[in-house]
Amino acid sequence: MNEKISVDFLIDGARVLSMDSAGTVYSQGAVAISGKDIVFVGRSDEAQKRFEPKQKIAAAGCVVMPGFVNAHTHAAMTLFRGYADDIPLEPWLDRIWELEKAYATAENVRIGAELAFAEMIRSGTTAAADMYWNKDAACEAAKKSGFRLISGPSFINFVGPDGIQMEDRDRLAREFLDQYKGDPLLGVCVQVHATYSVPREMLEMAAALVAEYDVPFVTHASESQQEVKTIVERTGMTPIEYLDDVGLLTPKTLLAHCVHLRDDEIDRLATRGASVAHCPESNLKIGNGIARTAEMLRRGVNVGLGTDGAATNNDLDMWGEMRTAALLQKGITGDPTVMDASTALRIATINGARAVSLQNKIGSLEVGKCADLIVVELDNLHSTPVYDAYSHLVYSADKMDVRDVFINGQAVMRNRELLTIDEEKVKAEIRQFAKMLDQRSDK
Ligand SMILES: [Zn+2]
């Protein structure tokens, strides 16, 4: 008899939703993890014959699926959750930027980011594209938490709380990219806040870095009507046309929002292979409108899903985001077929992985990919009975149903207990921050 192969974890007896290109599902399935890698996805009986796990995780009544990829957030903005609500984007930015300049210090970013990672892990998110000040502090917190962060130097037309002067930005961006490129957990990118908040030379500087380092480019684009108007007046082009003119629309481009696009702009994104990070709840809350994501998908654009920062959402919950995304498209088109449940789950997982250019590494359960996956209970009252797991995951389940979370082969939550972050400590730290912010003298 053949000897069994030793693996670190065998998650067994679950319904396995692989989210691979064929949409393979195993009703009585198993996933084996060795080191950081997925080494088996298939039938439970076969896994039991082949593997001797160091830890066996019984998962009857559960779904095993890829963790969510939050394609757009500002993790440490948890610091300002609920601080600037119910106002439009432009005054919101003024208010938040003023706060950030004074308070988004490296230590506060560490606290805010750690809370965000805890919140995301708890709700089944295993990777997130982050744009924020003092990114090194967030990256170090991510490594400590075992959370897969995609981050990078971010250009904007003023000196922020990290104190980086304009003339130092290119050099420091290179230092960051040299330091973190190739990190087994983190992803690197180059970011520009938005076309309206930088001069053309800064976009060109970013384009040069993107080309030289061959990394993704991330920016906000066509989020509000005012933004489109501003850029058309300044350049004669829309933000999408302008980015293309600078050479920044490529298959490694990720554009957050894209609420206000004409059909020909959607086609241009499809032709260039650029991705969109759809952030429906942030767009709704700030009154910016509803992106036509069903139309984008129909025309061949890769659409991922993001929560945006906690100061505009106000949570980092991909379950709510996914449901909102699906319902909105049905509502605005009058057609319930335009974004079905499996499509909604796809934009929250594999499409997000592609949006951050990590589609060969994460986003689906396939042998050789990194073990970024979640175990979700589907035997709670609100999801009983189960006819169709996709339907339940999108329309019935929520973050409380997430039981176990693995990132890069590491168990970061088991039986709803966080294993890498002391959540009571981080909650106490952020409450302390909020108390200081409330009592500050410069209000
Ligand atoms: Zn954003």
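Residues numbered from 1 in each chain as written. Predicted model: local features only at pLDDT ≥ 70, side-chain atom pairs only at ≥ 80, totals over all residues. Heavy atoms only, no water.

This brings us to the pairing of strand β11 (residues 190-194). Working note: regular strand, side chains alternate between the two faces of the sheet. Burial within β11 is extensive, with five of its five residues counted as buried. One ladder, built from two bridges, connects strand β9 (residues 154-155) with β11; its direction is parallel. Looking across to β11, one finds that Ser154 is bridged to Gln191. In the sheet, β11 pairs with strand β12 (residues 217-221) via four bridges, with the strands oriented parallel. Considered in β12, the bridge of Val192 is made with Thr219. In this view, the connection linking β11 to its parallel neighbour β12 by way of helix α6 (residues 200-213) has right-handed handedness. (Buried < 20%, exposed > 50% of the residue type's maximum accessible area, 1.4 Å probe, protein only. Helix = DSSP H or I, 4+ residues; strand = E, 2+ residues; numbered from the N terminus. Pairing = 2+ DSSP bridges. Right-handed = clockwise from strand over helix to strand, strands pointing away.)

Considering all chains together, one arrives at 40 salt bridges under this definition. Asp12 is the partner of Lys56 in a salt bridge, and the nearest nitrogen-oxygen pair spans 3.5 Å. Here Lys56, found in strand β4 (residues 51-58), pairs with Asp12, found in strand β1 (residues 5-17); they are 44 residues apart in sequence, far enough to count as distant. For Asp267, the salt bridge goes to Arg299, with nearest N and O atoms at 2.9 Å. Of this pair, Asp267 sits in helix α9 (residues 263-272) while Arg299 is found in the loop between α11 (293-298) and β15 (302-305), placing the two residues 32 residues apart along the sequence. Look at Asp267 and you get partly exposed, because its relative accessible area is 31%. Several salt bridges share partner residues, and in doing so they unite Glu107, Arg110, Glu114, Lys144, Lys425 and Glu429 into one network. (Salt bridge = Lys/Arg side-chain N within 4 Å of Asp/Glu carboxyl O.)

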